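Overview (structure and organization)
Below are the chains, spelled out letter by letter.
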Amino acid sequence: MGKIKMFIKKESVFCISALAAAASCFAVKPDALYLEYIDLRTIVLLYCLMGAVAGFGRAGTFAYLAHKLCIRSRSSRALTFVLVGLCFFSSMLITNDVALLTFVPFAIAVLGTVGKTRLILPVVVLQTLAANLGSMLTPPGNPQNIHLFSHYSMSMGEFFSATAPVCLLSGIIIALLCLFLKSEKVEVDIGETPILRLRGLIFSGVLFLLSMLVVFRIIEWFILLPVFIVLCLIFDRRLLIKADFMLLLTFCCFFIFVGNIGRIESVRELLSRVIAGRELVLSALLSQVISNVPAAVLLSGFTENGREILIGVNIGGLGTPIASLASLISMKIYASGGKGSNGKFLKLFLPLNFALLALMLLIAKLIY
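Residues numbered from 1 in each chain as written. Predicted model: local features only at pLDDT ≥ 70, side-chain atom pairs only at ≥ 80, totals over all residues. Heavy atoms only, no water.

1. So, the nonpolar core
Going by this rule: For this analysis, a nonpolar core means a set of buried residues of the types Ala, Val, Leu, Ile, Met, Phe, Trp, Tyr and Cys, connected via side-chain atoms within 4.5 Å. Think of it in three bands: with a 1.4 Å probe and only protein chains considered, a residue is buried below 20% of the maximum accessible area for its type, exposed above 50%, and partly exposed in between. Residue contacts are counted whenever heavy atoms from the two residues lie within 4.5 Å of one another.
Grouped together as the largest cluster of nonpolar side chains are 114 residues, with contacts concentrated most on Leu-79, Leu-83, Ile-174, Phe-251, Ile-315, Phe-345 and Met-360. Residues within four places of Phe-345 in sequence aside, it is in contact with Leu-121, Val-124, Val-125, Thr-128, Ser-330, Met-331 and Tyr-334. Grouped together as the second largest cluster of nonpolar side chains are five residues, Phe-14, Ala-21, Met-246 and Cys-253 included.

If you want it as C-alpha cells, here you go:
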C-alpha cells in the first residue's frame, strides 16, 4: 500500500488521466475508432526528443556550457543573468523540465561556492519563470507545443508568429527582474572544466536533427522511430529507456478521454460553445488546476483556434506550481538542496508567478 500511495503521489497527473480515460470508456465502448484517438506523431516525437536530450546530458554538454559561462562572471548580477539565461534559452530546445533539472542544482552549487546563498531562492524562482516562459518559443520547448503544433498542422511561420512576441516580452521582463537583485563582486572558482564527450555530442546532435526533420515535416514519424531505435542500439542503447514513459502514457490516456468525449454529441457541442471565443483565458485558467499539458490536449479537441490555446497554456504555466509540473521540480530541488523549504519557496514563487500571469495575459489579450 505504501508503494501504491507513493506512486499515486508521484504520478498524480497520470493517475487522473487514466481514471478519466477508463470512465469515458463506459460512455463509449471500445471499438476500432479508438486507434484513431492517439496522435502517434506527437508520441514518437516526444520519445525521440527525450532520447536526444538525454544524450546531450550524458555527453556532458550542459555541464560544460554552464561551467564555461559561469567562470567568466565577475559579479553576482552577471552570475544571476547567466544562471537564469541558461534556463531561458536552453528550455527552447531541451524542454523546461530538463533545463530546470540540469541548471537548478548547478545554480545552488555555484551560489553556495561563491558564498551567495542568500541569492539561491530568488535565482531558483527566476530560473523557473525563465524555463517556463522561454520554452514557449519553439515546438520542442515543451510537450504541449509538440502536440498543438502537430494537432493543428501549424507551419513554422504560424507557430513563431504566435509565440515569439510573448516570449520576447517575457524575456525582457525576466531580465528586468534580475536587475532588482543586488550586485556584488564575486570570484567564481568551480573546479576544472567538465569533460565534453565529442562522440556523444555528435550522436545526440544527429538524433535531435532527425527529430527536428519530423517537426518541420520533412520526414514522417514512422521513418524516424525505426531509425532512432537502430542508431541507439548501435551507439548508445541506454537512450532507449531515458524517455519519461509516464508522460507518454498520460498523453495516451488524455487522447482516449478526449476522443470518447468528442463522440458524445451533446457534450461535444456544449464544450465547443463554452470554449469558443474564450480559448486564451480558459486554457490559462484550466492549466492552474490540471497543468498546461493536459489542458492543451483537452481543449484542442473542441476548438479550431489553435493559436489562442497555444499562447494560453504556455502563459498558463505561470501561477500555481501545478500549472507547469516543471515548477514542482524546482521546488523539490530547492527544498532538498537549497537549504530552504517548500513554504519559503512558495512565499516568493506564488506572488511573483500570479503577478506575471496577470501581466502576460493582459499583454496577450492586447497583442492577439
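2. Considerations on the environment of Ala-296
Keep this limit in mind: Secondary structure elements are taken from DSSP: a helix is a run of H or I of four residues or more, a strand is a run of E of two residues or more, and numbering for both begins at the N terminus.
Along the chain, the position of Ala-296 falls in helix α16 (residues 292-300). With 283 residues separating them in the primary sequence, Ala-296 and Val-13 have C-alpha atoms 14 Å apart. The contacts of Ala-296, once residues within four sequence positions are left out, are Gln-144, His-147, Leu-148, Ile-309 and Val-313.

3. Points about the packing of helix α8 (residues 120-134) against helix α19 (residues 342-367)
The condition is simple: Here the axes come from fitting lines to C-alpha atoms, over the contacting stretch only for helices, and the angles between their N-to-C directions go from 0 to 180 degrees. Throughout this description, any angle smaller than 35 degrees is read as roughly parallel, any larger than 145 degrees as roughly antiparallel, any in the 65 to 115 degree range as roughly perpendicular, and the remainder as oblique. We call a crossing left-handed when the near helix sits turned anticlockwise from the far one by less than a right angle, and right-handed when that turn is clockwise. Any residue that is not Ala, Val, Leu, Ile, Met, Phe, Trp, Tyr, Cys, Pro, Asp, Glu, Lys or Arg is counted as polar, Gly included; the first ten are nonpolar and the last four charged.
Close contact between α8 and α19 brings their axes to 10 Å; oriented N to C, the two are set at 40°. Between α8 and α19, the angle falls in the class oblique. In the crossing of α8 with α19, the sense of the turn from one axis to the other is right-handed. Along its contact with α8, which presents Leu-121, Pro-122, Val-124, Val-125, Leu-126, Thr-128, Leu-129 and Leu-133, the element α19 presents Lys-344, Phe-345, Leu-348, Phe-349, Leu-352, Asn-353 and Leu-356. For the contact of α8 with α19, the class distribution of residues is twelve nonpolar, two polar and one charged.

4. Focus: the environment of Cys-87
Tracing the backbone shows Cys-87 in helix α6 (residues 76-94). C-alpha separation for the pair Cys-87 and Val-289, spaced 202 residues apart in sequence, amounts to 24 Å. Beyond its immediate chain neighbours, meaning those up to four positions away, Cys-87 contacts Ala-99, Leu-100, Phe-103, Gln-127, Ala-130 and Ala-131.

5. Focus on the side chain of Asn-132
Rule in force here: Polar contacts, as counted here, are pairs of nitrogen or oxygen atoms within 3.5 Å of one another; within protein the pair requires one atom able to donate a hydrogen and one able to accept it, and residues that are adjacent in sequence qualify only if both atoms are side-chain atoms.
Here Asn-132 shows up in helix α8. Side chain to side chain, Asn-132 and Ser-324 meet in a polar contact 2.9 Å long. Sequence-distant contacts of Asn-132, that is, excluding residues within four places in its chain, are made with Asn-96, Asn-314, Gly-317, Ser-324, Ala-326 and Ser-327.

6. Re the packing of aromatic side chains
This is how the line gets drawn: Geometry of aromatic contacts follows a simple scheme: Phe, Tyr and Trp rings, the Trp one being its six-membered ring, pair when their centres are within 6.5 Å, and the pair is stacked under 30 degrees between planes, edge-to-face over 60, tilted otherwise. Remark: a charge is flagged as sitting over a ring if the NZ atom of Lys or the CZ atom of Arg is within 6 Å of the ring centre and within 35 degrees of the ring normal.
Here the structure, examined in full by the defined rule, presents 14 aromatic pairs. Look at Phe-251 and Phe-255: their rings are 5.9 Å apart centre to centre, the planes differ by 50°, and that puts the pair in the tilted class. Placement of both Phe-251 and Phe-255 in helix α13 (residues 245-262) is noted, with a separation of four residues, approximately one turn of the helix. The buried category is assigned to Phe-251, whose relative accessible area is 1%. Judged by relative accessible area, which is 7%, Phe-255 ranks as buried. Each member of the aromatic cluster is reached from another via a ring pair, and the members are Tyr-47, Phe-228 and Phe-245. Across from the ring centre of Phe-149, 4.6 Å away, lies the NZ or CZ of Arg-217, which sits over that ring.

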